[in-house]
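Coordinate inspection notes
The primary structure of each chain is shown beneath.
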Amino acid sequence: MTSEHIPSARLSLVPLAVSDAEEMVGVLGADALYAFTGGSPPGLGELRDRYARLAVGRSPDGGQEWRNWILRRQPDGTAVGYVQATITGAGTRAEIAWVIGVDWQGHGYATEAARALVAWLDSRGVTAVQAHIHPDHLASAAVARRAGLLPTGHFDDGEQLWRRDPEVRQ
């Protein structure tokens, strides 16, 4: 299963491919990217393996649809990050996430990509969109708010649930 290309004002959200791993190792190579999520920068082999699993487009049991896009700045096509959506509930619910490489942070790319992703999910009939964000990650909280998500009082493994659903839409 392949994802659709999603255009936005300054970005192209391009379906993830295993061949993106080489460029994305550099985008995801700064330790600072993992300050709130834990872990460390992936190596090339690890990223290729991860992308091969994700490119299948669904979980092994078929219960989750996996959609992943590389964010390519236009017009030069430089990779600046990625967005992802895990779709469940017969296509009505999505958990989203975004990562922008350190060199490209502060330019509004995360907000632009998250809004484009949420609009794409809306066009597919997804009614509930959520993200989990570390409470101290103010930049991600700002992106979530700009994408139409609101914080809830619920926390999972130290991350706050942000949600946009029919009852909470702005």
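That block above? That's the structure.
What comes next is a walk through the structure. (Residues numbered from 1 in each chain as written. Predicted model: local features only at pLDDT ≥ 70, side-chain atom pairs only at ≥ 80, totals over all residues. Heavy atoms only, no water.)

With the rule as written, the count across this model stands at 1 aromatic pair. When the centroid spacing of 5.1 Å and the interplanar angle of 75° are considered together, the rings of Trp69 and Trp120 count as edge-to-face. Of the two residues, Trp69 is situated in strand β3 (residues 65–73) and Trp120 in helix α3 (residues 109–123); the sequence distance between them amounts to 51 residues. Assigned by exposure class, Trp69 and Trp120 land together as buried. (Phe/Tyr/Trp six-rings, centres within 6.5 Å; stacked < 30°, edge-to-face > 60°. Helix = DSSP H or I, 4+ residues; strand = E, 2+ residues; numbered from the N terminus. Buried < 20%, exposed > 50% of the residue type's maximum accessible area, 1.4 Å probe, protein only.)

Take the pattern of salt bridges next. Inspection of the entire model under this criterion finds 8 salt bridges. The partner of Glu23 in a salt bridge is Arg72, with the nearest N and O atoms 2.8 Å apart. In this pair, Glu23 sits in helix α1 (residues 21–27) while Arg72 sits in strand β3, placing the two residues 49 residues apart along the sequence. Here Glu23 falls in the partly exposed class, since its relative accessible area comes to 34%. For Arg72, a relative accessible area of 14% corresponds to the buried category. Ionic contacts of the salt-bridge type, sharing partners, join the residues Asp20, Glu23 and Arg72 into one network. (Salt bridge = Lys/Arg side-chain N within 4 Å of Asp/Glu carboxyl O.)

With an omega dihedral of 10°, the bond running from Gln74 to Pro75 counts as a cis peptide bond. Note that Pro75 resides in the loop between β3 and β4 (79–88). Although it is not a glycine, Ala90 adopts a positive phi angle of roughly 55°. Examined against the element boundaries, Ala90 turns out to sit in the loop between β4 and β5 (93–100). Ala90 gets classed as exposed once you look at its relative accessible area, which sits at 86%. The phi angle at Asp157 is positive, at roughly 50°, despite the residue not being glycine.

To continue, consider the nonpolar core. Ranked by internal contacts, the top residues of the largest apolar core, which has 45 residues, are Met24, Leu28, Ile96, Trp98 and Leu121. If we skip the residues at most four places from it in the chain, Leu28 touches Leu33, Tyr34, Pro41, Pro42, Leu47, Tyr51, Tyr82 and Val99. (Core = buried A, V, L, I, M, F, W, Y, C linked by side-chain atoms within 4.5 Å. Contact = heavy atoms within 4.5 Å.)

Glancing now at the sheet that holds β5. Strand order in the open sheet formed by 8 strands is β1-β2-β3-β4-β5-β6-β8-β7, and the pairing between neighbours is mixed. A single partner strand is all that each edge strand has here, and the edge strands are β1 (6–7) and β7 (150–156). Pairing of strand β6 (residues 128–133) with strand β8 (residues 159–164) involves 5 bridges; the strand directions are antiparallel. Along β8, the bridge assignment pairs Ile133 with Gln160. (Pairing = 2+ DSSP bridges.)

We now examine helix α4 (residues 138–146). For α4, every residue scored as buried is listed here: Ser140, Ala141, Val143 and Ala144. An end-on view of α4 places all buried positions within 160° of arc, on one side of the element. Summarising the geometry of α4, the exposed residues directed more than 90 degrees from the buried face are Leu138 and Ala139. Elements in contact with the buried residues of α4: β5, α3, β6 and β8. Just downstream of α4, Gly148 is the residue with a positive phi angle, here 95°. (Arc of directions from axis to C-beta.)

Attention now moves to the side chain of Asp20. Residue position: Asp20 is located in the loop between β2 (11–15) and α1. In this structure the side chain of Asp20 is engaged in a polar contact, spanning 2.8 Å, whose partner is the backbone nitrogen of Ala17. Ignoring anything within four residues of it in the chain, the contact list for Asp20 reads Pro15, Tyr51, Ile70 and Arg72. (Polar contact = N/O pair within 3.5 Å; in protein donor to acceptor, adjacent residues only side chain to side chain.)

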